[in-house]
Amino acid sequence: MEKFIYNNIEINANIHEVWDALTNPEKTKIYMFGCAAISEWTPGSSLNWNAIVEGKEMCYVKGHIVKNYPPIHLSYTVFDPNSTMEDKPENYLTVTYDLEKISDDVTLFKVTQGDYSLVDDGERRYNESYNHGDGWNPILIAVKNLVEAK
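Quick summary incoming for the structure in this document. Computed from a prediction, not measured in an experiment: that's the story for all the values here.

Definitions and limits used
- Residues numbered from 1 in each chain as written.
- Predicted model: local features only at pLDDT ≥ 70, side-chain atom pairs only at ≥ 80, totals over all residues.
- Heavy atoms only, no water.
- Helix = DSSP H or I, 4+ residues; strand = E, 2+ residues; numbered from the N terminus.
- Rg over C-alpha atoms; globule rule 2.2 N^0.38 Å.
- Buried < 20%, exposed > 50% of the residue type's maximum accessible area, 1.4 Å probe, protein only.
- Contact = heavy atoms within 4.5 Å.
- Areas by Shrake-Rupley, 256 points an atom, 1.4 Å probe, with all protein chains shown as cover.
- Lys, Arg positive; Asp, Glu negative; His and termini not counted.
- Charge placed at Lys NZ, Arg CZ, Asp CG, Glu CD.
- Pairing = 2+ DSSP bridges.
- Axes fitted to C-alpha atoms, helices over the stretch in contact; angles between N-to-C directions.
- Parallel < 35°, antiparallel > 145°, perpendicular 65-115°, else oblique.
- Left-handed = near helix turned anticlockwise from the far one by under 90°.
- Nonpolar A, V, L, I, M, F, W, Y, C, P; charged D, E, K, R; others polar.
- Phe/Tyr/Trp six-rings, centres within 6.5 Å; stacked < 30°, edge-to-face > 60°.

1. Notes on the overall build of the chain
So, point 1. The helix and strand tally for the chain stands at four helices and seven strands.
So, point 2. Beginning at the N terminus, the succession of helices and strands in the chain can be written as β-α-α-β-β-β-β-β-β-α-α.
So, point 3. For the chain, whose C-alpha radius of gyration is 15 Å, the value lies close to the compact-globule estimate of 15 Å for 150 residues.
So, point 4. Considered along the principal axes of its C-alpha atoms, the chain spans approximately 45 × 40 × 30 Å.
So, point 5. Taken over 150 residues, the chain has a buried fraction of 43%.
So, point 6. Of the contacts made within the chain by residues no fewer than 6 positions apart, 49% connect residues no fewer than 24 positions apart.
So, point 7. Approximately 8,200 Å² of the chain is accessible, and the part contributed by carbon and sulfur atoms is 51%.
So, point 8. Positive and negative side-chain charges in the chain, numbering 13 and 23 respectively, have mean positions lying 1 Å apart.

Rendered as C-alpha cells:
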C-alpha cells in the first residue's frame, strides 16, 4: 500500500517570492536546518543539501531534480548519504512541491514525500519523517515566516 506524507500551507506572498525561497540556497539555509540547496535545477541535475559543520562542508541529503516547472512545480529525489542504507535508486524518496496562486498575494504551497512503501526500511523512515516533526509542517511554517517577513 502506498505511503506518502502530505502537507500544505497558505503563504501571504506572491508565487514568485515563495518559489525563490524554495530554490535560493541562501534562503533554504534559513529553514532547512542550515542546509543550502545546491543544484542547477534542471531535470537530471544533482541536488545536494549541504551545511558547514565545524568549518567543513557536509552533504546531509542528496538527490536529483526530476521535474522543474517554475514557479508552480518542482520534484526531486532524496537520500541520506550518511545512513547505513545502500545508496541505490530504489532507496530514494521523491519530494514534490506544488504552488498554486490563490490571489496576487496568496500562494498555496503543497508538499508530498514518498512513496515510503517502495524503499528499504520504509516504515521506520516514514515514522521518523512524520512523527518526529509532523511531516513537513515545521518546515512549511518556517518558509511562511521567512517569506512573509520580507
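Picking up where we left off.
2. With respect to the sheet that holds strand β3 (residues 46–53)
So, point 1. One open sheet holds the seven strands; their spatial order is β1-β7-β6-β5-β4-β3-β2, and the pairing between them is antiparallel. At either margin of the open sheet sits one strand with a lone partner, and together these are β1 (4–11) and β2 (36–39). On average, each strand axis in the sheet is inclined to that of its neighbour by 25 degrees, with strand direction left out of account.
So, point 2. Relative to β3, β2 runs antiparallel, the two being bridged by four bridges. Within β3, the residue paired with S39 across the bridge is L47.

3. Some remarks on the packing of helix α1 (residues 15–23) against helix α4 (residues 137–149)
So, point 1. One can describe the packing of α1 onto α4 by two numbers: an axis separation of 10 Å at closest approach and a directional angle of 125 degrees. Relative to α4, the element α1 is oriented oblique. As for the relative orientation of α1 and α4, their crossing is right-handed in sense. Where α1 abuts α4, its residues E17, V18, A21 and L22 lie against V143, L146 and V147.
So, point 2. Looking at side-chain class alone, the contact of α1 with α4 contains six nonpolar, no polar and one charged residues.

4. Thoughts on the environment of A21
So, point 1. For A21, the location among the structural elements is in helix α1.
So, point 2. Distance in space between the C-alpha atoms of A21 and E54 is 26 Å, their sequence separation being 33 residues.
So, point 3. Each residue touching A21, except ones within four places of it in the same chain, is listed here: K27, T28, Y31, V143, L146 and V147.

5. With respect to the packing of aromatic side chains
So, point 1. The full count for this structure, using the stated rule, is seven aromatic pairs.
So, point 2. Plain terms: the ring middles of Y76 and Y97 are 5.4 Å apart, the flat faces sit at 85 degrees to each other, and that makes the pair edge-to-face. Of this pair, Y76 sits in strand β5 (residues 73–78) while Y97 is found in strand β6 (residues 93–103), placing the two residues 21 residues apart along the sequence. We note that Y76, like Y97, is buried.
So, point 3. Note on F79 and Y92: the rings are 5.0 Å apart at their centroids and 20 degrees apart in plane angle, and the pair reads as stacked. Here F79 is found in the loop between β5 and β6, whereas its partner Y92 is found in the loop between β5 and β6, with 13 residues between them in sequence. Just as F79 is buried, Y92 falls in that class too.
So, point 4. Through a chain of ring-to-ring contacts, the aromatic side chains of W49, Y76, Y97, F109 and W136 assemble into a single cluster.

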